[in-house]
Amino acid sequence: DLNTFWRVDDMFVNIKLLRLLGMLCHGNLDRSRMLHELLEAIWYESVDNKWRAVECELVNTIMQTSPTSELSTIAKKLIRKFLTYDNPNLVHLGNTLARKYL
């Protein structure tokens, strides 16, 4: 099941897995395509604050590979979401991601 690792309730495991997948797919178009299918299948919009770090790593993983237009849209949506928070730390994170990838 594609959603198995995403449903692990430990956000640090999710972050490590996303980083590992991003490293494995970096520079390899075929692997990137497989990762894109996986990311499109597992992404959902979280409302829980503890998952913000996972969303940030999701943006990093998407942009580390050669993203499809659908994944680029997801990454941009997440960055925009960070920029609209009231929390200045999350806004800073959004600014950092925007400068890095946009």
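Residues numbered from 1 in each chain as written. Predicted model: local features only at pLDDT ≥ 70, side-chain atom pairs only at ≥ 80, totals over all residues. Heavy atoms only, no water.

Visitor: Looking at this structure, I do not really get the overall build of the protein chain. What am I missing?
Guide: Scanning the protein chain for helices and strands turns up 5 helices and 0 strands. Each helix and strand of the protein chain, ordered N terminal to C terminal, gives the series α-α-α-α-α. Looking at the protein chain as a whole, 39% of its 102 residues are labelled buried. Within the protein chain, contacts between residues at least 6 apart in sequence are counted, and of these 61% link residues at least 24 apart. (Helix = DSSP H or I, 4+ residues; strand = E, 2+ residues; numbered from the N terminus. Buried < 20%, exposed > 50% of the residue type's maximum accessible area, 1.4 Å probe, protein only. Contact = heavy atoms within 4.5 Å.)

Visitor: Where do I start with the environment of M11 in this structure?
Guide: Inspection of the secondary structure assignment puts M11 in helix α1 (residues 11-25). Separated by 40 residues in the primary sequence, M11 and W51 place their C-alpha atoms 6.5 Å from one another. Contact partners of M11, with chain neighbours within four places excluded, come to K50, W51 and V54.

Visitor: Help me understand the pattern of salt bridges, please; the structure alone is not making it clear to me.
Guide: Opposite charge on two side chains lets them pair, provided their charged atoms get close. Throughout the structure, instances matching the rule amount to 4 salt bridges. Ionic pairing is found between D30 and R33, a salt bridge with its closest N-O pair at 3.5 Å. Here D30 pairs with R33, and both are found in helix α2 (residues 29-42), just 3 residues apart, close to one helical turn. Relative accessible area serves as the criterion here: at 53%, D30 is assigned to the exposed category. Judged by relative accessible area, which is 46%, R33 ranks as partly exposed. The shortest N-O distance in the salt bridge between E55 and R52 comes to 3.2 Å. A residue pair is termed a helical-turn pair when its members lie 3 or 4 positions apart in one helix, as E55 and R52 do in helix α3 (residues 52-64) at 3 residues. (Salt bridge = Lys/Arg side-chain N within 4 Å of Asp/Glu carboxyl O.)

Visitor: So what exactly am I meant to see when it comes to the nonpolar core here?
Guide: Grouped together as the largest cluster of nonpolar side chains are 22 residues, with contacts concentrated most on L39, V54, L58, V59, I62 and L97. Contributing elements (two or more residues each) for this core: α1, α2, α3, α4 (69-83) and α5 (88-101). Sorting elements by how many residues they give to this core places α4 first, with 6 residues. Excluding its chain neighbours within four sequence positions, the residues that come into contact with V59 are A75, L78, I79, L97 and Y101. (Core = buried A, V, L, I, M, F, W, Y, C linked by side-chain atoms within 4.5 Å.)

Visitor: So what exactly am I meant to see when it comes to the packing of aromatic side chains here?
Guide: Tallying each qualifying case throughout the model produces 1 aromatic pair. Ring centres 6.1 Å apart and planes at 65 degrees place the aromatic pair F82 and Y85 in the edge-to-face group. (Phe/Tyr/Trp six-rings, centres within 6.5 Å; stacked < 30°, edge-to-face > 60°.)

Visitor: Where do I start with the packing of α4 against α5 in this structure?
Guide: Helix-helix packing is described using two parameters, namely the angle between the two axes and the distance between the axes. Running from N to C, α4 and α5 cross one another at 145 degrees; their axes reach a closest spacing of 7 Å. Relative to α5, α4 is oriented so that their crossing is left-handed. Contact with α4, carried on its side by I79, F82 and L83, involves L90, V91, L93, G94, N95, L97 and A98 of α5 and no other residues of that element. In terms of residue class, the contact of α4 with α5 is made up of 8 nonpolar, 2 polar and no charged. (Axes fitted to C-alpha atoms, helices over the stretch in contact; angles between N-to-C directions. Left-handed = near helix turned anticlockwise from the far one by under 90°. Nonpolar A, V, L, I, M, F, W, Y, C, P; charged D, E, K, R; others polar.)

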